[in-house]
Every structure is written in C-alpha cells, then in structure tokens.
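Observations on the model geometry
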Amino acid sequence: MQQAEERVPSFFRHQGNLNIYAHLVRKIDPNLTPLEHAYGGGGREVFLVEEKGKLYILKYANLRYNSINGQRLRNEIAGLSLCKDLEAVQNLVRIYTGPEEIEAILKEPVQGVPLRKSAPHIKRKTKKELIAAVAYLHSHGFAGLDIGSPNIIVNLDGLAKIIDLDNGIFFSEDAQREESFRRICSQDLIQLERLFRENET
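It should be emphasised that the depicted structure is a prediction, and the values quoted were computed from it without experimental measurement.

Calculation rules
- Residues numbered from 1 in each chain as written.
- Predicted model: local features only at pLDDT ≥ 70, side-chain atom pairs only at ≥ 80, totals over all residues.
- Heavy atoms only, no water.
- Buried < 20%, exposed > 50% of the residue type's maximum accessible area, 1.4 Å probe, protein only.
- Helix = DSSP H or I, 4+ residues; strand = E, 2+ residues; numbered from the N terminus.
- Pairing = 2+ DSSP bridges.
- Contact = heavy atoms within 4.5 Å.
- Axes fitted to C-alpha atoms, helices over the stretch in contact; angles between N-to-C directions.
- Expected span 1.5 Å × (residues − 1).
- Arc of directions from axis to C-beta.
- Polar contact = N/O pair within 3.5 Å; in protein donor to acceptor, adjacent residues only side chain to side chain.
- pLDDT = per-residue confidence, 0-100.
- Phe/Tyr/Trp six-rings, centres within 6.5 Å; stacked < 30°, edge-to-face > 60°.

**Looking at the pairing of strand β2 (residues 44-51)**
- With eight of eight residues buried, β2 is to be regarded as a mostly interior element.
- The pairing of β2 with strand β3 (residues 54-61) spans eight bridges and is antiparallel. Following the sheet pairing, Glu50 is matched in β3 by Leu55.
- Connecting the antiparallel pair β2 and β3 is a turn made up of two residues, with Lys52 showing a positive phi of about 50 degrees.

**Things to note about the sheet that holds strand β8 (residues 152-154)**
- With antiparallel pairing, three strands are arranged side by side in an open sheet as β6-β8-β9. In this open sheet, the two strands that pair with only one neighbour each are β6 (113-114) and β9 (160-162).
- Bridging between β6 and β8 involves two bridges; their strand directions are antiparallel. Bridge pairing in β8 places Val113 opposite Val154.
- Its contacts with the sheet put helix α4 (residues 124-139) on β8 and β9, and the angle it makes with β9 is roughly 15 degrees.

**Here we look at helix α6 (residues 179-200)**
- The first and last C-alpha atoms of α6 sit 32 Å apart over 22 residues, in line with the 32 Å expected at 1.5 Å per residue.
- For α6, the complete set of buried residues consists of Phe181, Cys185, Asp188, Gln191, Leu192, Leu195, Phe196 and Asn199. All buried residues of α6 fall inside an arc of 135 degrees around its axis, so they share one side.
- Each element contacted by the buried residues of α6 is listed here: α4, β7 (142-143), β8 and α5 (173-176).

**Things to note about the environment of Tyr96**
- Its location among the elements puts Tyr96 in strand β4 (residues 92-97).
- Between the C-alpha atoms of Tyr96 and Asp29, which are 67 residues apart in sequence, the distance is 8.4 Å.
- Not counting the four nearest positions on each side in its chain, Tyr96 is found in contact with Ile28, Asp29, Leu32, Leu58, Ile102, Glu103, Ala104, Ile105 and Leu106.
- In this structure the side chain of Tyr96 is engaged in a polar contact, spanning 2.9 Å, whose partner is the side chain of Arg94.

**Regarding the environment of Lys54**
- Examined against the element boundaries, Lys54 turns out to sit in strand β3.
- Lys54 sits 22 residues away from Leu32 along the chain, and the two C-alpha atoms are 10.0 Å apart.

**Let's talk about the confidence of the model for the protein**
- Mean pLDDT over the protein stands at 86; residues scoring 70 or higher make up 89%.
- Confidence over residues 1-6 falls short of pLDDT 50; this stretch has eight contacts with residues more than four positions distant or in other chains.

**A few points about the packing of aromatic side chains**
- Under the criterion given, the structure shown has three aromatic pairs.
- Ring centres of Phe142 and Phe170 lie 4.9 Å apart, and the angle between their planes is 65 degrees; this geometry places the pair in the edge-to-face category. Of this pair, Phe142 sits in strand β7 while Phe170 sits in strand β10 (residues 169-170); the two residues are 28 residues apart in sequence, bridging distant segments of the chain.
- Judged by its relative accessible area of 0%, Phe142 falls in the buried class.

Put into structure tokens, the structure is as follows:
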C-alpha cells in the first residue's frame, strides 16, 4: 500500500491539526480513519479519510453553529446528485444524517491542484465536459456555482473535475424565467472561461 503522504491531494497537506478533529470524524462514522484536516471555519470542516484502504473526502457542517451550513450542505448534495453520471464532477458516496438533519457527506477524492495559470494545461475534451456539466446544472435550475480556482482540480494528465457545489442554489421554475437567473448562469460560464484562459497562458 502507498504511504498516506503520497496519496494525499496536495491541497490537504499540512493545513490543520488533525488531532483536534479526529474524535469528530470517528463520531460521524467509526469506520473512517482521519488522515488530514484540509480546512475549517464557521462550523464547516473538511477531512481526508480512509475506509478499507480507499481515500475519501468528508465534509462536516455544524448545524448548531450556523444553520446556513445545513442549507449549503443540502445544496451540494442536490448538485452532486444531479451530476452523478458526469465525468467532470466529483462523486457523492454517502450522506450522514444526525439527530435532526444531514450533518456530513462523503465524496470521492480528486487528485491534482487547483485550476490556475501554473497548473497543468487542461485538455480540450475536459473543457467541453466542464462546460456541459455547468450547462446541465443550469438546465435543472441549479446556478450561482462560484466556479473559482479552488473549486476545480486538474491533474497532470490535464483532466479536471468540479469539487465543490455548496454555493449553488436551486431556482424555482418561475425564477428560471427571470432575466436575473440568466445573468447568474452567464456569470458561471464567464468564470469558467476565465479560468480556461488563465490556464492557457
């Protein structure tokens, strides 16, 4: 088996004191072994964990700290569930429900680095897949995705995935007919094209 350090996505390395949070991971699921703490704040924590030799991303929301955390987690579940068959979006593996409502999700990890100027150049086919994924979400009324560099990961082969959808919002059918919805969708695509241009230079 590879050493854990070799398998950890680069943005996880040395970014938090894991010992403080290990008990939280085991409380959510005793079958998970915490490896790294990526980031946290505002009652939201993200961990790299292992189960039966496989790596996963665990995202936790402290609902008592801030009720908005629960809504953002539900938003991400909705978005990831829509994209479960799309190559360009991270896979949702499991949902954990606490005493009152959903409190954590488990996702497949994505190896690589944030998509930016210094990252490996993204493949043309992958660009089309990313654009198609965003358009697919828009067609189901899910928009406002905050498609920034930290939320798209590209690997050495030029393949990339969207890894975070918790800023996205579902718009009603009536709202989708409004000009404001079209502007939000347009902004999502503009952000994506900007990342592509920066990556090409």
